[in-house]
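# Summary of structural features
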Amino acid sequence: MAILIILKSHGQNSESIDSLVREYASRGFNGNILYSKNDSIIYTGNYGYSNFSSQKPLDNSTVFELASCSKQFTALGIVQLVEKNLIGYDTYVDKILSNFPYYNITIANLLRHQSGLPDYQKILYDRKHWNRKNVATNSDVISLLGKLKLDLRFQPGTKYEYNNTGYAVLASIIENVSGQSYKSYITENIFKPSGMSSSRVFDDFDQTELFQNVARGYTYNQQTGKYQEIENDKNHKHIHWMNGVVGDRGIYSSILDLEKWKKAIKYNLLIKDGSKEIMMSVDEISTKYGYGWAIYNSSGKGRWVYHNGSWSGYKTMMLYLPDSNEFLVILSNNRFEATYKKFEEDFYKLIQ
């Protein structure tokens, strides 16, 4: 089924990369890949379809739901507001959001996944708390937290535990402090200055039809032996009432736009260099997570600035190596299981 379109530049590693990706495409990978070095695109590949029914082929400008890779955009929006002295990393969330029920959680706790907040997705899955006929929003998440007043999972700032709720709350903080919707803020302050003309914030599933060149999300149905649109998958019913929540997810982008994002980060087009270093730093609690990025150190190429994502038929990963100025993006719209495990490991071996 795979359709292959490749752009090669400078020839570096292109044949080896091509061979590797063809192998994964033969195993079922449907999606797009980009690898760049020193701001030059070395390789892009498009495998399969953006729409399985019409068999519309993917191309370099096709936009995918980034899932949790969206968190880095939310984090950067917060950093911008800190640079404007509108908030501080040590500001308590309840001082910004009046109906937020916890008094001892700071913005830094949210950014580093140290808040201990309950999982909003579990709350919204409980029929006692949410009517599934309605699409939940960030405001609904905050309201439910205030209404239920559930215990924190641990004392804020004492433990790292990956937490989607924290980034949904951060999106609400951006809205409250900026006076703009999250969608408007991210578009005006990140997408436009970076030249990311194809990227969008998406907060209602049906609106994907309004996007040009969007990759629909699919999952494999073991019973029929065919791929199905995600909204027809009984195991992913939650998307019908959770797709209005953004900040932890909700950004759609293309591999070409994400290369522009990498350049905007590298050349400090959106925030100052000192702020970028804070984003890419860890502390004694979150030893492998900064602000919106996982941070690792390798013996060969220095820091890895990394994230992956999984939501509504998509699996995504983004890896930036700032010391060697390399960037790898893998975006799948059929939840290809190896997208951010074996696939990326094999890919990284090639570019060493």
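Residues numbered from 1 in each chain as written. Predicted model: local features only at pLDDT ≥ 70, side-chain atom pairs only at ≥ 80, totals over all residues. Heavy atoms only, no water.

### Points about the overall build of the protein
Stated formally: Each helix corresponds to a stretch of at least 4 residues labelled H or I by DSSP, and each strand to a stretch of at least 2 residues labelled E; elements are numbered beginning at the N terminus. With the radius of gyration taken over C-alpha atoms, the globule rule is written as 2.2 Å times the number of residues to the power 0.38. A 1.4 Å probe rolled over the protein chains alone gives each residue an accessible area, and that area as a share of the maximum for its type sets the label: buried under 20%, exposed over 50%, partly exposed in between. Contacts were defined at the residue level, with two residues in contact if any of their heavy atoms lie within 4.5 Å. Using a 1.4 Å probe, accessible areas were evaluated by the Shrake-Rupley method; residue-level cover was limited to the displayed protein chains. Counted charges follow a simple rule, with Lys and Arg positive, Asp and Glu negative, and His plus the chain ends left uncounted. Charged side chains are reduced to one point each, which is NZ for Lys, CZ for Arg, CG for Asp and CD for Glu.
Scanning the protein from terminus to terminus reveals 11 helices and 14 strands. By the compact-globule yardstick of 20 Å for 352 residues, the protein fits well, its C-alpha radius of gyration being 20 Å. C-alpha extents for the protein along the principal axes are approximately 55 × 45 × 35 Å. In the protein, which comprises 352 residues, the share counted as buried stands at 59%. Contacts in the protein between residues far apart in sequence, at least 24 positions, make up 68% of those at least 6 positions apart. Of the accessible surface of the protein, which amounts to about 14600 Å², a share of 46% is contributed by carbon and sulfur atoms. Separation between the mean location of the 40 positive side-chain charges and that of the 36 negative ones in the protein comes to 3 Å.

### Considering the nonpolar core
The condition that has to hold: Among the buried residues, those of types Ala, Val, Leu, Ile, Met, Phe, Trp, Tyr and Cys that are joined through side-chain atoms within 4.5 Å form a nonpolar core.
By size, the foremost hydrophobic cluster in this structure holds 106 residues, and its most contacted members are Ile33, Phe100, Val169, Ile173 and Trp261. Setting aside residues no more than four positions away along its own chain, Phe100 makes contact with Val93, Asp94, Ile105, Leu117, Ile142, Leu145 and Val169.

### Points about the pairing of strand β9 (residues 226-229)
Which entries qualify depends on this criterion: What makes two strands pair is DSSP finding at least two bridges between them.
Two elements, strand β8 (residues 218-221) and β9, share 4 bridges in a ladder whose sense is antiparallel. Within β9, the position partnered with Tyr218 by the bridge is Glu229. Connecting β8 to the next strand, β9, in antiparallel fashion are 4 residues, including Gly225 with a positive phi near 70 degrees.

### What about the side chain of Thr74?
With respect to the secondary-structure elements, Thr74 resides in helix α2 (residues 71-83). Thr74 gets classed as buried once you look at its relative accessible area, which sits at 0%.

### Quick look at the packing of α2 against helix α6 (residues 164-178)
Convention followed: Here the axes come from fitting lines to C-alpha atoms, over the contacting stretch only for helices, and the angles between their N-to-C directions go from 0 to 180 degrees. Each angle receives one of four descriptions, namely roughly parallel if under 35 degrees, roughly antiparallel if over 145, roughly perpendicular if within 65 to 115, and oblique otherwise. Whether a crossing is left-handed or right-handed is set by the direction in which the near helix is turned from the far one by less than a right angle, anticlockwise for left-handed and clockwise for right-handed. Each residue receives one of three labels: charged for Asp, Glu, Lys and Arg, nonpolar for Ala, Val, Leu, Ile, Met, Phe, Trp, Tyr, Cys and Pro, and polar for the others, Gly being one of them.
For the pair α2 and α6, interaxial distance at closest approach is 10 Å and the crossing angle is 40 degrees. Overall, the two elements α2 and α6 adopt an arrangement that is oblique. By crossing handedness, the relation of α2 to α6 is classed as left-handed. On α6, the residues that touch Lys71, Thr74, Ala75, Gly77, Ile78 and Leu81 of α2 are Asn164, Tyr167, Leu170, Ala171, Ile173, Ile174, Val177 and Ser178. Here the contact of α2 with α6 is built from residues that sort into 9 nonpolar, 4 polar and 1 charged.

### Quick word on α2
Here is the rule we go by: What a helix is expected to span follows from its residue count: subtract one and scale by 1.5 Å.
With 13 residues, α2 extends 19 Å between its outermost C-alpha atoms, agreeing within 8% with the 18 Å of an ideal straight helix rising 1.5 Å per residue. Among the 13 residues that make up α2, 12 are buried, leaving the element largely enclosed by the rest of the structure. All of the buried residues along α2 are Lys71, Gln72, Phe73, Thr74, Ala75, Leu76, Gly77, Ile78, Val79, Gln80, Leu81 and Val82. One or two positions beyond α2, positive phi appears at Asn85, with a value near 60 degrees.

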